[in-house]
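# Descriptive analysis of the structure
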Amino acid sequence: MSAPLQAVRGMNDILPAEACWWLDFEAIVRGWLARHGYRNIRMPLVEPTQLFRRAVGESTDIVEKEMYSWRDELNGEDLTLRPEATASCVRAAIEHHLLHDGPKRLWYAGPMYRHERPQKGRYRQFHQYGVEALGFAGPDADAELIVMCAALWDELGLGGIRLELNTIGSSLERMRYRAALIAHLERHADQLDADAKRRMHSNPLRVLDSKNPQVQAVVQSAPPLMEYLGDASLGHFAELKRLLAAAGVGYSISPRLVRGLDYYNLTVFEWVSDRLGAQGTVCGGGRYDGLFEQLGGKPAPAAGFAMGIERLIALMQEAGREPRDAPPDAYVVHQGEGAVQAALKIARELRCAGFAVIQHCGGGSFKSQMKRADASGAKLALIVGEDELKAGEVTVKPLREARAQARVPLARLAAEFPHLCKQRT
Ligand code: HAM
């Protein structure tokens, strides 16, 4: 016998006991998105490689090391499994002229792929909910995005997620900063790792993002980018801070927060929890006013964020929440000639009336069927045997409370079912 196959490393099955958390999370998030006026958009998982090269940036970790890319053998196209979806969302908005009648609030959800070293909270296939406010220029849109995150953490019952905020100004301002940063990095070149040395001249801002503690020490003493920003950038940031304060959302300024993608300008932010170990960032985003133009579209301002579903669900579990894994209302047990037809009819009728009903399949003794009924978590077993069939009735047996079973005429079952279900204490 050959060995059973296993899932690809870093790409996880989400089994039913875990998936009920996901459903719970998704129900809350979708309600929250609808209440904020965001509309769903769905993009392909596969995009031209060039999209991410142009949008995320050639000298980012994602593009340099983490993309699942290949050449399509049939037509020679270079393709990539999306490592993130802001680029796809903007590509779709340009391709379909989504902003022709004004700005758009959009959300998407789904798997993203990054060839990172898997560890707790870091996977090669992971899932995001992403929110993009396209066509909005002001700090009010940045504030809306951040305040809505804070509202979601409350709704999910998650405390202790802190907001780290920064502004990285315009590309022109970053160009001015570049020289000062390179000079600083050159002075400390002996403490930089190979990555930092390589990026020091091509994209020195990426060095600020290094996870290597030794490089971080050099970064700590670098001149702050904030000092190179002009009035417009500082004004945008000041207004955002005022709006957050007015909304009661606390934050700390992280002068070295630059994010790992090159498309950002002005506002950048991350929401971080200390309860998840090394992978504590549950959400990240910012403004990306240059991306439309960079991808060949008409210039349009935009901002957004994406949150990591795995990490937020881990937090929900850690917070001791119970998932709402609703058990079925009834499990239909049947035995004898003609009983299966009656059982099918009962189950169908009750489902049409809005109840969750499992119909026993696969035969077996009455005892073994009752065992299954019990294991299903159903409130009631509905028993259709030969006696019941003859009498045109069904036996209703409560499974979760010490209440006597009762016979109910089939014709009255649907009408009486709400009452029978409610008798639970
Ligand atoms: P990002 O910071 O790369 O941003 O990812 C957003 C979130 O996805 C992270 O904060 C984290 O929770 C989760 N995440 C990222 N990588 C992994 C991984 N390997 N395993 C598990 N979770 C992960 C973006 O993707 C931008 N597109 C966000 C954005 C939207 N900016 C503007 N609009």
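Rules used throughout
- Residues numbered from 1 in each chain as written.
- Predicted model: local features only at pLDDT ≥ 70, side-chain atom pairs only at ≥ 80, totals over all residues.
- Heavy atoms only, no water.
- Helix = DSSP H or I, 4+ residues; strand = E, 2+ residues; numbered from the N terminus.
- Buried < 20%, exposed > 50% of the residue type's maximum accessible area, 1.4 Å probe, protein only.
- Contact = heavy atoms within 4.5 Å.
- Areas by Shrake-Rupley, 256 points an atom, 1.4 Å probe, with all protein chains shown as cover.
- Lys, Arg positive; Asp, Glu negative; His and termini not counted.
- Charge placed at Lys NZ, Arg CZ, Asp CG, Glu CD.
- Core = buried A, V, L, I, M, F, W, Y, C linked by side-chain atoms within 4.5 Å.
- Axes fitted to C-alpha atoms, helices over the stretch in contact; angles between N-to-C directions.
- Left-handed = near helix turned anticlockwise from the far one by under 90°.
- Nonpolar A, V, L, I, M, F, W, Y, C, P; charged D, E, K, R; others polar.
- Pairing = 2+ DSSP bridges.
- Parallel < 35°, antiparallel > 145°, perpendicular 65-115°, else oblique.
- Near = heavy atom within 4 Å.
- Polar contact = N/O pair within 3.5 Å; in protein donor to acceptor, adjacent residues only side chain to side chain.
- Phe/Tyr/Trp six-rings, centres within 6.5 Å; stacked < 30°, edge-to-face > 60°.
- Domains from an automatic or database assignment.

Here the focus is the overall build of the protein chain. Broken down by element type, the protein chain carries 16 helices and 16 strands. Seen through its principal axes, the protein chain has C-alpha atoms that stretch 90 × 60 × 45 Å. Taken over 425 residues, the protein chain has a buried fraction of 48%. Counted over contacts in the protein chain with a minimum sequence separation of 6, partners at least 24 positions apart contribute 69%. Carbon and sulfur atoms make up 54% of the accessible area of the protein chain, which amounts to about 20800 Å² in all. In the protein chain, 53 positive and 52 negative side-chain charges are present, and the distance between their average locations comes to 3 Å.

Attention shifts here to the nonpolar core. If you look at the biggest cluster of nonpolar residues, it comprises 49 residues, and the most contacted ones within it are Leu134, Tyr263 and Phe292. Top element by residues in this core is helix α4 (residues 86-95). It accounts for six residues. Discounting chain neighbours no more than four positions away, the residues touching Phe292 are Val90, Ala93, Ile94, Leu99, Leu134, Gly297, Lys298, Pro299, Ala300 and Ala302. One finds Cys20, Ala141, Leu156 and Phe237 within the second-largest nonpolar core, a separate group that totals 45 residues.

Here the focus is the environment of Leu181. Assignment of secondary structure puts Leu181 in helix α6 (residues 171-187). When the C-alpha positions of Leu181 and Trp70 are compared, they lie 35 Å apart, and in sequence the two are 111 residues distant. Among residues more than four places away in sequence, those in contact with Leu181 are Pro204, Leu205, Leu208 and Ala222.

Attention now goes to the packing of helix α1 (residues 16-35) against helix α5 (residues 139-156). Running from N to C, α1 and α5 cross one another at 145°; their axes reach a closest spacing of 11 Å. Taken as a pair, α1 and α5 cross one another with a handedness that is right-handed. Residues Phe25, Ile28, Val29, Trp32, Leu33 and Arg35 of α1 pack against Met148, Cys149, Ala151, Leu152, Glu155 and Leu156 of α5. Taken together, the residues of the contact of α1 with α5 break down into 10 nonpolar, no polar and two charged.

In this section: the pairing of strand β7 (residues 161-167). Taken across its seven residues, β7 has six buried, putting it largely inside the fold. Pairing of β7 with strand β9 (residues 265-273), which is carried by seven bridges, proceeds in the antiparallel orientation. Bridge assignment links Arg162 to a residue of β9, and that residue is Val272. In this structure, β7 lies alongside strand β8 (residues 252-253), joined through two bridges in parallel fashion. When the bridges of β8 are listed, Leu165 appears paired with Ile253.

The axes of two packed helices give the description: the angle between them and the distance between them. Axis separation between α5 and helix α10 (residues 231-246) bottoms out at 9 Å; the angle between their running directions is 40°. One finds that α5 runs oblique with respect to α10. Helix-helix and strand crossings are classified by hand; for α5 and α10 the assignment is right-handed. Counted together, Pro139, Asp140, Asp142, Ala143, Ile146 and Val147 of α5 and His236, Glu239, Leu240, Leu243 and Leu244 of α10 form the full contact between these two elements. When the residues that make up the contact of α5 with α10 are grouped by side-chain class, the tally is seven nonpolar, one polar and three charged.

Another point: the site of the ligand. In the vicinity of the ligand, 25 residues are found, and the nearest of them are Glu84, Arg114, Glu116, Glu132 and Tyr264. Arg114 places a polar side-chain atom, nitrogen or oxygen, 2.8 Å from an oxygen atom of the ligand. A distance of 3.0 Å separates an oxygen atom of the ligand from a polar side-chain atom of Gln128. When isolated, the ligand has an accessible area of 660 Å², and the protein chains bury 96% of it. For the shell around the ligand, the element with the highest residue contribution is strand β10 (residues 281-287), accounting for five residues.

All right, on to the packing of aromatic side chains then. Counting across every chain of the model gives nine aromatic pairs. Ring geometry for Trp107 versus Tyr129: centroids 5.6 Å apart, planes at 25°, classification stacked. Here the residue Trp107 occupies a position in strand β5 (residues 104-113), and Tyr129 occupies one in strand β6 (residues 125-134), the gap between them amounting to 22 residues. Like Tyr129, Trp107 is buried. An aromatic cluster is present here, built from Phe25, Trp107 and Tyr129 joined pairwise through their rings.

Take the sheet that holds strand β2 (residues 46-48) next. Neighbouring strands of a sheet are bound in pairs by backbone hydrogen bonds; such pairs are parallel or else antiparallel. Taken together, three strands build an open sheet; the order of strands is β2-β4-β3 and the sheet is antiparallel. Of all strands in the sheet, those bounded by a partner on one side alone are β2 and β3 (68-71). Recorded for the sheet is a direction-independent mean angle of 30° between the axes of neighbouring strands. By the bridge criterion, four bridges tie β3 to strand β4 (residues 78-81) in an arrangement that is antiparallel. When the sheet's bridge partners are listed, Trp70 is paired in β4 with Leu79.

The next thing to look at is the domain arrangement of the protein chain. Segmentation of the protein chain into domains returns domain 1 (16-169 + 229-318) and domain 2 (330-422). The straight-line distance from the C-alpha centre of domain 1 to that of domain 2 is 48 Å.

Within the secondary structure, Ala411 is located in helix α16 (residues 410-422). On the accessibility criterion, Ala411 (79% relative accessible area) is exposed. Along the primary structure Ala411 and Glu393 are separated by 18 residues, whereas in three dimensions their C-alpha atoms are 8.0 Å apart.

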